[in-house]
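Topology and contacts: notes
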Amino acid sequence: MSLLRRKGGASAPAAADRTVTLIGKPGCHLCDEAREVVVSVCAELGAGWEEKDITADEELHRRYWEQIPVVLVDGEQHDFWRVDPGRLRRALRS
């Protein structure tokens, strides 16, 4: 994994080493909008992304049903309902 150096010697993963997960369901217009943001920002920064269907996974359904679309960055919840491109960029760079 490549690392970027930050002030004080701490290091953070490079955007290319991050993974964004979009959790949604088919036919969800907010999920479609979130996908556009995720695809655009990940392409811009070189981050990987994946999509998971909440209707095909009981655990995802239980955890996130009332929040879809949900965006995770490296497995940690980042956003839900609406995805702000600037906020996602910052998360992937930090």
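All residue numbers refer to positions counted from 1 along the written sequence of the respective chain. Note on the predicted model: pLDDT of at least 70 is required for a residue's local features to be given, and 80 or more for side-chain atom pairs to be given and counted; whole-chain, interface and lining totals, by contrast, use all residues. Side-chain calculation: all heavy atoms of the structure are included, whereas hydrogens and water are not.

A run of DSSP states H or I qualifies as a helix once it reaches four residues; a run of E qualifies as a strand once it reaches two. Both are numbered from the N-terminal end. Looking at where D79 falls in the secondary structure, it is placed in strand β6 (residues 76-80). Accessibility here uses a 1.4 Å probe with only protein chains present; expressed as a share of the type maximum, an area under 20% marks a residue as buried, one over 50% as exposed, and anything in between as partly exposed. The exposure class of D79 is buried, given its relative accessible area of 13%. A polar side-chain atom of D79 sits 3.1 Å from a polar atom in the side chain of R87. Leave out the neighbours within four places in its chain, and D79 touches P69, V70, V71, D84 and R87. Within 3.5 Å is the distance limit for a polar contact, defined as a pair of N or O atoms, with the added protein rule that one can donate a hydrogen and the other accept it, and that residues adjacent in sequence qualify only through two side-chain atoms. In what follows, a contact means two residues having at least one pair of non-hydrogen atoms within 4.5 Å.

In this section: the pairing of strand β5 (residues 70-73). Of the two faces of β5, the one carrying V70 and L72 and the one carrying V71 and V73 are both buried. What makes two strands pair is DSSP finding at least two bridges between them. Bridge count between β5 and β6: four bridges; the pairing is antiparallel. In the strand pairing of β6, V71 is matched with D79.

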